[in-house]
Amino acid sequence: MEYILHIFVIAGIYVILTLSLNLIVGYTGVPALGHGAFSCVGAYASALLAMNHGVSPWLGMLAGAMMAAVLGFGISFVSVRLKGDYLALATFGFAVIVHSIAKNWVGVTRGPMGLPGIPTFTVFGFVLSNAWSFVLLVGVFVGITYLVLERIVNSPFGRVLRAIREDEVATAVVGKDVQRHKTIVFVVGAFFAGIAGSLYAHYIAFIDPSSFTVMESITILLMVVFGGMGSLTGSFLGAVVLVVFPELLRFLGMPSSVAAPLRQMIYGLLLVLLMLWRPQGILGKFKWQ
Amino acid sequence: MTMTHPSGKHTNAVSQPATNTPLLSLREVCKAFGGVKALDRCSFDVQWGQITALIGPNGAGKTTVFNVVSGLLNADRGTVQFKGQSIQRLPPHRIAKLGVGRTFQDNRIFPQMSVLDNVLLGMRYDQGESLTTALARSRVMSEEEQRHREKATALLAKVGLSHKADALAGELSFGQRKLLEVAKAIAAEPVFLMLDEPMAGLFPAMIEKMRRFIVELRETGTTVLFIEHNMNVVMNMADWVIVLDYGKCIAEGTPAEIQNDEEVIHAYLGKRKLHVAES
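This one's a predicted model, so the numbers in the text were calculated from it and none came from an experiment. (Residues numbered from 1 in each chain as written. Chains lettered and ligands numbered in written order. Predicted model: local features only at pLDDT ≥ 70, side-chain atom pairs only at ≥ 80, totals over all residues.)

Asker: Please give an account of the overall build of chain A that cites residues and values.
Answerer: Secondary structure summary: chain A contains twelve helices and four strands in total. A compact globule built from 289 residues should have a C-alpha radius of gyration of about 19 Å, and chain A, at 19 Å, falls within 12% of that. In terms of overall dimensions, chain A has C-alpha extents of about 55 × 45 × 35 Å along its principal axes. Relative to its 289 residues, chain A shows a buried fraction of 48%. Within chain A, contacts between residues at least 6 apart in sequence are counted, and of these 78% link residues at least 24 apart. (Helix = DSSP H or I, 4+ residues; strand = E, 2+ residues; numbered from the N terminus. Rg over C-alpha atoms; globule rule 2.2 N^0.38 Å. Buried ≥ 20, exposed ≤ 12 C-beta atoms within 10 Å, placed from the backbone. Contact = placed C-beta atoms within 7 Å.)

Right, here's the structure in full:
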């Protein structure tokens, strides 16, 4: 039972990550590969504040999310100069940098040794320590993320985002500030990624740089693409399926030395098949031209 | 006297200021792509309230003029003034907000969005398009959206696309796309509208529809600058004609004057005389 609840929590965290990346990649059409980096910043900021300064994890989560948002704000300026593949590469590089900092800034992050014993959340003196309480907590944040993003995308503001995805030049000449919209989208997306990172840190109680590799960012992107770009329900589907699916491999009785590479191979194969047959993703409507 | 703007707004028939400043003024504008001079000390004015045609052989720099004025390209040298104020180096969205609308030769509509959404994107929102109103899902947003929806619907009826309002723009025929792009550009109620070959590829009935539509725009006070190769259309519709060749403005005048201008005939049509149908 604990195990199933654990899967729920992890899936929920990935849903938050996938929803927020979908806003950037799926709705606005900005190819960003560094989403894991935002959650890394959120996780480390929140964990370090709680461990070293005794800050409440709630405040730490907010601070971590804000820091991720500031970073998203910075990254959005790269998207002024770079488009398409080049921007994808630049954000990829950004994810590598953040990972390297987490790994090498030993004085603060303890490097590869990671941060053990991260305190958990408390609500009115009640310590959230069992899996059930975390299922509820993550569920609440999934709900908040969904509600916020649903309001953003189903509005005149969201319509401008979809226009940017289709044709930036045509959007600019009807008087929409394309860059401003991209910046907002990066800030909002990074903010929620920061929240997801913080939830993860306080739930697992241990983080190390290996949780935030570039591969992690790619996995989140895969979830977005799999579920469908520009579809919020698709993000739920993509995240849940890709979290649960590898777990099923365990029940095939495979040794972990086989299961782990097999998981990567299946991810890769899935992506290739998807691109061939349904490039817009399972529930997506938008097709890249 | 007031008239109904095609997008539904009541505007004064003549909205020009008392002064004689032209609406748009290009002076010695140069733009080179590598070694090719697309615009070479190009100078001309567009007067308020007129329909001005921009003609010239292929590669004369007509579209480059549009791109420089709408801010997609920065001129290498020279000045571009709109309503007497310099618009050089302003980003495209700022220029659009000053009241400059444009269409593209290659139909830049949003193919994967509905026809109605395309027109709504052209609309100028006050508050309703901001992130905060979206997050608050405020009354301001829904009211403004509702108002714009009604205007957009009326505008679609005007161009004869009502029955396609919910279809994806990408499903429209070529001619319908052209109409939609014009509708999208007009939605913002521009003071100045630049149309890049609005008639190209349209069949005669559609050309007539577009022509009437553009003439009607002038009546409501919108200044129009259009690029066109169809000389019948140019001579019929334009109040003023500007001729570009090799990036220079080589002649300008009324359609009648241009028809008889030796240099234009020489540069634009070789030695032949313009054939213009009587109408």
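Asker: I'd like a rundown of the overall build of chain B, residues and numbers included.
Answerer: A tally of regular secondary structure across chain B gives ten helices and twelve strands. A fraction of 66% describes how many contacts in chain B between residues 6 or more apart in sequence connect residues 24 or more apart.

Asker: Please set out the interface of chain B and chain A residue by residue, giving values where relevant.
Answerer: Between chain B and chain A, the residue contacts involve 29 residues of the former and 23 residues of the latter. Among the elements of the structure, helix H2 (92–97), helix H3 (115–122), helix H4 (131–136) and helix H5 (139–159) of chain B are those that each provide at least two residues to the side of chain B that touches chain A. Taken together, the residues of the side of chain B that touches chain A sort by class into 14 nonpolar, six polar and nine charged. (Nonpolar A, V, L, I, M, F, W, Y, C, P; charged D, E, K, R; others polar.)

Asker: So, the nonpolar core: which residues are in play, and what are the values?
Answerer: Residues and elements named next belong to chain A. Ranked by size, the top nonpolar core spans 165 residues in total, and within it Val41 and Ala68 carry the most contacts. For this core, the element with the most residues is helix H9 (residues 178–204), which contributes 16 residues. Excluding anything up to four places from it in sequence, Ala68 contacts Phe38, Val41, Gly42, Ala190, Phe191, Ala193 and Gly194. (Core = buried A, V, L, I, M, F, W, Y, C linked by C-beta atoms within 7 Å.)

Asker: So what's going on with the environment of Trp277 of chain A? Which residues, and what values?
Answerer: For Trp277 of chain A, the position within the fold is in helix H12 (residues 256–277). Residues Trp277 of chain A and Asp208 of chain A, 69 residues apart in the sequence, show an inter-C-alpha distance of 37 Å.

Asker: Talk me through the pairing of strand S3 (residues 24–33) of chain B; I want residue IDs and the actual numbers.
Answerer: Residue and element names in this part refer to chain B. When S3 meets strand S4 (residues 36–46), the two strands line up antiparallel, connected through seven bridges. Note that in S4 the partner of Ala32 across the bridge is Lys37. Following S3, the chain reverses through two residues before pairing antiparallel with S4; Gly34 in that reversal takes a positive phi of roughly 60°. (Pairing = 2+ DSSP bridges.)

Asker: Which residues make up the pairing of strand S12 (residues 248–253) of chain B, and what values go with them?
Answerer: Residue and element names in this part refer to chain B. Looking at chain direction, strand S11 (residues 240–245) and S12 are connected through five bridges and run antiparallel. By the bridge assignment, Leu244 is partnered in S12 with Cys249. Where S11 folds back onto S12 in an antiparallel hairpin, the turn is made up of two residues, including Tyr246, whose phi is positive at roughly 50°.

Asker: Please provide a residue-by-residue account of H3 of chain B, values included.
Answerer: Of all the eight residues making up H3 of chain B, eight are buried; the element is thus mostly covered by neighbouring parts of the structure. Considered for burial, the residues of H3 of chain B that qualify are Val115, Leu116, Asp117, Asn118, Val119, Leu120, Leu121 and Gly122 of chain B.

Asker: Run through unusual backbone geometry, naming residues and quoting values.
Answerer: All names here are of chain B. A positive phi angle, near 45°, is found at Arg137, a position not held by glycine. Positionally, Arg137 belongs in the loop between H4 and H5. A positive phi angle, close to 50°, is found at Tyr246, a residue other than glycine. Residue Tyr246 is classed as partly exposed on the basis of its C-beta count, with 17 C-beta atoms lying within 10 Å.

Asker: Account for the sheet that holds strand S8 (residues 100–102) of chain B, naming residues and giving values.
Answerer: All names here are of chain B. An order of S8-S9-S10-S5-S11-S12 is seen for the six strands of this open sheet, with the pairing classed as mixed. Taken across any chain shown, the strands that pair with only one partner, and hence form the sheet edges, are S8 and S12. Strand-to-strand twist across the sheet, computed as the mean angle between neighbouring axes with direction ignored, equals 20°. Running over the sheet, helix H7 (residues 204–219) touches strand S5 (51–55), strand S9 (192–196) and strand S10 (223–227) and is turned about 150° from S10. (Axes fitted to C-alpha atoms, helices over the stretch in contact; angles between N-to-C directions.)

Asker: How would you explain H5 of chain B if you had to name every residue and give the values?
Answerer: If you check H5 of chain B, its first and last C-alpha atoms are 30 Å apart, about what 21 residues at 1.5 Å a residue would give, namely 30 Å. Residues of H5 of chain B that are buried include every one of Met141, His148, Ala152, Leu155 and Leu156 of chain B, and no others. The buried side chains of H5 of chain B occupy one side of the element, clustering within an arc of 95° when seen end-on. Exposed positions of H5 of chain B whose direction lies more than 90 degrees from the buried face are Arg139, Glu143, Gln146, Glu150 and Ala157 of chain B. The elements touched by buried residues of H5 of chain B are helix H7 (156–166) of chain A together with H3, H4 and helix H6 (174–186) of chain B. At the C-terminal side of H5 of chain B, Gly160 of chain B shows a positive phi close to 75°. (Expected span 1.5 Å × (residues − 1). Arc of directions from axis to C-beta.)

Asker: Describe the sheet that holds strand S6 (residues 77–82) of chain B, with residues and values.
Answerer: Across the sheet, four strands lie side by side as S4-S3-S6-S7 (chain B); this open sheet has antiparallel pairing. Either end of the sheet is taken by a strand with one partner, and the two such strands are S4 and strand S7 (85–86) of chain B.

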